[in-house]
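Structural characterization, general
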Amino acid sequence: MINTKNIDTKIFFEEAKRNLVLSDERKELLLKIADTIIDEYFERDKLNLNFICTHNSRRSQFAQVWSFFCY
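In this text, all values refer to a predicted model and were calculated from it rather than measured experimentally.

Summary statistics for the protein give a mean pLDDT of 83 and a share of 92% for residues scoring 70 or more. When mean pLDDT is taken per element in the protein, helix H2 (residues 24-44) scores highest with 92 and helix H1 (residues 9-19) scores lowest with 81.

Excluding glycine, a negative phi dihedral is what most residues carry, and trans is how most peptide bonds are arranged. A positive phi is found at aspartate 45, a non-glycine position, where the angle reads about 65 degrees. Here aspartate 45 is to be found in the loop between H2 and helix H3 (57-70). On the accessibility criterion, aspartate 45 (58% relative accessible area) is exposed.

Scanning the model with the defined rule gives two aromatic pairs in all. With a centroid separation of 5.8 Å and an interplanar angle of 20 degrees, the aromatic rings of phenylalanine 62 and tryptophan 66 are classed as stacked. Of this pair, phenylalanine 62 and tryptophan 66 both sit in helix H3, separated by four residues, roughly a single helical turn. A residue is classified by how much of its surface remains accessible, and phenylalanine 62, at 48% relative accessible area, is partly exposed. Owing to a relative accessible area of 44%, tryptophan 66 belongs among the partly exposed residues under this scheme.

Rules behind the numbers
- Residues numbered from 1 in each chain as written.
- Predicted model: local features only at pLDDT ≥ 70, side-chain atom pairs only at ≥ 80, totals over all residues.
- Heavy atoms only, no water.
- pLDDT = per-residue confidence, 0-100.
- Helix = DSSP H or I, 4+ residues; strand = E, 2+ residues; numbered from the N terminus.
- Buried < 20%, exposed > 50% of the residue type's maximum accessible area, 1.4 Å probe, protein only.
- Phe/Tyr/Trp six-rings, centres within 6.5 Å; stacked < 30°, edge-to-face > 60°.

Structural data, given as structure tokens:
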């Protein structure tokens, strides 16, 4: 059996945030995407997002779950 340890979700994301390195270009692109999503939500009072990852469907599923909790 594989030994694993429980990691508090809040701690996991706080540590991930500290180790994250994004270029200014990438930050700018992500902020544009976020602004578009916000504008769409306020304009229509609902939002339909599709998360598609070409290499690993679990990434798409995780993105969907994370977006649900961001809401």
